[in-house]
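Architecture at a glance
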Amino acid sequence: MTYAHGKHAAPTTFLSKYVFSYDHKVIGKQFLWYGIFFLGVGGMMALLIRWTLAFPGEAFPVLGPLLFPHTNGIVPPDTYSMLFTLHGTIMIFFAITPILIGAFGNFCIPLMIGARDMAFPLFNMLSFHIAVLSGAILLGSLFTPLGGAAGGWTSYPTLSTLVGSPGAGQTLWCLSIFVLGVSSTMGAVNYITTVICFRAPGMGYFDMPLTIWGLWLTAILNAIFLPVLGAGVILLTFDRVFGTTFFLAGAAATSGSGDPILFQHVFWIFGHPEVYILILPAWGMVSDFLSFFARKPAFGAKATALSMTTITILSTLVYGHHMFTTQMSPLLTQTFMTLTMTISIPSAILFANWLGTLYKGSIRFHSPMLFSMGVVFVFGLGGLTGLYLGTVSTDLYLHDTYFVVGHFHYTMAASVLLGGYAGTYYWFPKMFGRMMDETLAKIHFWITMIGLNGVFMGMMVVGFAGMHRRLYNPFVYEYLERLIPMNKFITYSALLMGVGQLPFVWNFVYSLYKGKKATANPWEVGTLEWTIPSPPIHYNFEEIPTVKCGPHEFGNPKLTNGRDFQYQTEELVK
Amino acid sequence: MNPNQTMKHPKEIAFTILMVSWVMLFAALFLSYALLRFKEPQWPPMGFETVSLFWPTISTAQVVLSSYTLYLFSQNFKTNVEKAKKYLYSTIFLGVGFLVSQKMLWNEMNSTGLDVGSGTFASIIQAFSWVHAAHILMGVIGQMWLFSFAKKADDVDFNFRVLHVSKFWHFLDIVWLLMFVTMFLI
């Protein structure tokens with residue numbers, strides 16, 4: 001039995017076409033706009049944070065006096081806490097998740113597996129609208145009397161209980177995360193089912209592009225672990241609203257007291273898979289792009305897919321390495337450390353395969369390739385610095401310092417951001433039928449690359465020197481005063497990185513209307529989405545294609561058709 | 001016919017994934033309960049009496065019976081409309097009854113000093129049963145969604161609806177049985 005969607009007429013009104021659309025391509029674009037909007041909001045918050053750390057007590061230029069009139073433009077301490085809390089929350093849940101998973105997941109999965117739409121289009125549409133509701137709740141929380149959540153993106157009790165943060169902000173944060181969890185779970189159910197049931201005839205799991213592997217594994221992790229976070233924020237909400245005592249230690253010492261550490265367990269059981277949820281789609285895309293632009297078959301594609309699967313499984317077993325300093329039993333810390341180190345093995349295979357793909361390739365340095373190679377570089381750094389944090393003896397000293405901040409920005413921010421840009425430049429022609437400007441894209445790449453390495457490398461340096469994260473003004477401590485120049489350097493790098501995004505915004509908006517018209521296959525790649533016009537017709541495929549070979553068939557010397565690649569719909573030339 | 005595609009219907013696969021999500025939600029609540037309970041030298045903690053078994057037992061009877069009547073409904077809705085109608089109504093009646101007996105349980109706990117603010121013992125029982133009851137409410141609404149069965153018995157989508165509402169309900173039944181044993185019996 002095959003499951004293929006029938007074709008029906010394209011919607012005609014504005015609302016049914018752009019707002020309440022069932023079309024996965026439109027929903028993907030909706031998520032893209034949503035994510036880019038929040039990327040801007042989160043990025044501005046980052047600049048406010050960086051300004052405060054480089055120039056404590058000085059007014060933030062231009063916007064400061066407008067935002068904080070009562071302090072003459074200086075970021076106040078409580079606002080600072082809200083800024084880093086919401087910067088983390090927004091970037092992770094409202095920028096990276098919608099762009100990498102919402103936008104590329106929705107747009108690419110049906111196109112790359114040869115389906116006409118997702119398995120459940122209505123579910124898909126609701127998933128976006130619920131995400132909008134969640135974003136509205138989060139932004140709304142900023143306007144409550146005591147402001148937004150300020151307990152860090154991890155929302156550890158007791159900071160996040162009524163003792164640490166009175167006011168509605170933290171409660172709305174919990175609500176917003178719960179609602180977003182519902183949205184993401186709906187999306188995940190859709191992705192998993194679509195990949196299982198709607199692959200084009202002939203497409204086995206290992207014939208899927210690695211992008212789909214990444215998105216699929218991400219969806220599996222989402223479906224399994226988001227409910228755990230859901231349970232955590234439900235209990236936290238009950239503590240805040242109904243007066244339960246799950247996370248309040250010593251509230252009733254003789255009568256069974258709550259435990260703040262309990263939340264950390266629940267949070268990180270979700271939280272560690274979450275970091276892989278964020279990076280897996282980027283890994284998948286990069287694994288594909290390196291092959292596409294090196295004009296070579298992906299080295300060990302099957303091993304890459306299996307490594308990603310292994311990492312997915314291992315990622316569920318290592319959450320304790322976030323909690324080494326919570327007086328865990330040494331037996332447990334060593335177990336978690338060993339399991340964490342085990343992740344190095346599949347990661348190293350993955351990484352070696354990337355390098356193997358590049359080796360002796362005839363590389364085309366188009367913008368998606370530049371960004372992909374950027375991912376290889378920054379993810380290497382991020383991954384290697386993770387070893388120090390996964391090792392108990394070093395983590396005890398590095399815990400809660402800026403070294404951690406630098407590390408996870410290299411992995412979650414830098415890699416995922418560069419991966420997201422690679423995907424945007426790569427699929428823009430398919431999404432909108434026009435090309436983005438290559439020169440601007442390359443300027444964007446180099447400024448971003450220099451800026452982000454300045455920021456995140458600088459963070460690791462000040463962290464190694466002992467600077468703690470989340471401090472409003474670390475320089476009240478004498479031993480940190482020497483780090484002011486380094487912090488200024490980080491802030492200037494952050495400003496550079498911020499300015500570096502302007503060419504992208506201009507390029508994106510300009511190319512939407514005035515970009516060069518894209519051909520059906522501008523990158524000369526053989527996967528299914530490039531066999532149809534750009535942008536694709538309403539139901540993608542006039543006829544459901546039959547897949548006859550893998551996605552990375554490049555540089556076959558026996559090819560005689562004047563191309564160096566094969567479409568997946570063609571019989572493999574032997 | 002495509003050998004690469006599974007024989008299972010997409011709706012069945014999707015619902016299985018959803019069930020995994022629900023299992024994880026309740027598993028996380030059970031984990032929290034276990035951690036809070038094993039931290040204490042004794043359970044219930046010093047100064048607390050165990051909760052009377054009266055209302056929890058009635059809830060258990062209701063939810064087990066309702067699972068049985070829903071099973072009978074799913075066996076009969078294609079063949080015997082009158083019988084099926086009776087089973088569906090009894091299931092919904094028992095489901096609503098479960099919510100009532102839960103409310104009585106919460107009232108009783110509140111009146112005997114086991115209000116949510118009195119410590120983790122009462123917190124976990126009450127909060128856990130709130131979350132469960134909210135799902136029971138969803139289940140009852142799902143059962144009402146089956147009212148049109150007489151007209152749609154041959155409809156493929158409707159058959160999936162019956163299957164999924166049943167799976168969800170039996171799952172909630174099992175969760176309650178686990179709660180009953182771990183929270184009230186031992």
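A brief look at the structure comes next. Since this is a predicted model, take the numbers as computed values, not measurements. (Residues numbered from 1 in each chain as written. Chains lettered and ligands numbered in written order. Predicted model: local features only at pLDDT ≥ 70, side-chain atom pairs only at ≥ 80, totals over all residues.)

**A few points about the overall build of chain B**
The number of helices and strands found in chain B is 6 helices and 0 strands. The helix and strand sequence of chain B, counted from the amino end, reads α-α-α-α-α-α. Across its three principal directions, the C-alpha atoms of chain B cover 65 × 40 × 20 Å. (Helix = DSSP H or I, 4+ residues; strand = E, 2+ residues; numbered from the N terminus.)

**Observations concerning the nonpolar core**
Grouped together as the largest cluster of nonpolar side chains are 216 residues, with contacts concentrated most on I113, I192, W216 and A422 of chain A. Element by element, the count of residues in this core is highest for helix α4 (residues 77–113) of chain A, at 23 residues. Setting aside chain neighbours within four positions, we find I192 of chain A in contact with W216, A219, I220 and A223 of chain A together with I17 of chain B. (Core = buried A, V, L, I, M, F, W, Y, C linked by C-beta atoms within 7 Å. Buried ≥ 20, exposed ≤ 12 C-beta atoms within 10 Å, placed from the backbone. Contact = placed C-beta atoms within 7 Å.)

**Describing the packing of helix α7 (residues 210–241) of chain A against helix α8 (residues 260–294) of chain A**
Residues and elements named next belong to chain A. At a minimum axis separation of 8 Å, α7 and α8 run at an interaxial angle of 160°. Considered as vectors, α7 and α8 are oriented roughly antiparallel to each other. The two elements α7 and α8 cross, and the hand of that crossing is left-handed. Among the residues making up the contact of α7 with α8, the classes are represented as 24 nonpolar, 7 polar and 2 charged. (Axes fitted to C-alpha atoms, helices over the stretch in contact; angles between N-to-C directions. Parallel < 35°, antiparallel > 145°, perpendicular 65-115°, else oblique. Left-handed = near helix turned anticlockwise from the far one by under 90°. Nonpolar A, V, L, I, M, F, W, Y, C, P; charged D, E, K, R; others polar.)

**Some words on the packing of helix α1 (residues 10–39) of chain B against helix α4 (residues 120–144) of chain B**
Residues and elements named next belong to chain B. The interhelical angle for the contact between α1 and α4, taken along N-to-C directions, is 170°, at an axis separation of 11 Å. As far as their axial angle goes, α4 and α1 are roughly antiparallel. Residues L29, Y33 and L36 of α1 touch α4, and the partners they reach there are T120, I124, F128 and V131. Per-class residue counts for the contact of α1 with α4 are 6 nonpolar, 1 polar and no charged.

**As for unusual backbone geometry**
For the bond running from P157 of chain A to T158 of chain A, omega is 5°, close enough to zero to count as cis. Turning to its location among the elements, T158 of chain A is positioned in the loop between α5 (121–141) and α6 (168–197). The step from W43 of chain B to P44 of chain B runs through a cis peptide bond, and the omega angle for that step is 0°. Tracing the backbone shows P44 of chain B in the loop between α1 and α2 (54–76). A positive phi angle, close to 50°, is found at S155 of chain A, a residue other than glycine. Here S155 of chain A lies in the loop between α5 and α6. C-beta crowding within 10 Å serves as the criterion here: with 25 such atoms nearby, S155 of chain A is assigned to the buried category. With a phi close to 65°, D400 of chain A is a non-glycine residue in the positive phi region. The residue D400 of chain A is located in the loop between α13 (392–398) and α14 (402–432) in this model.

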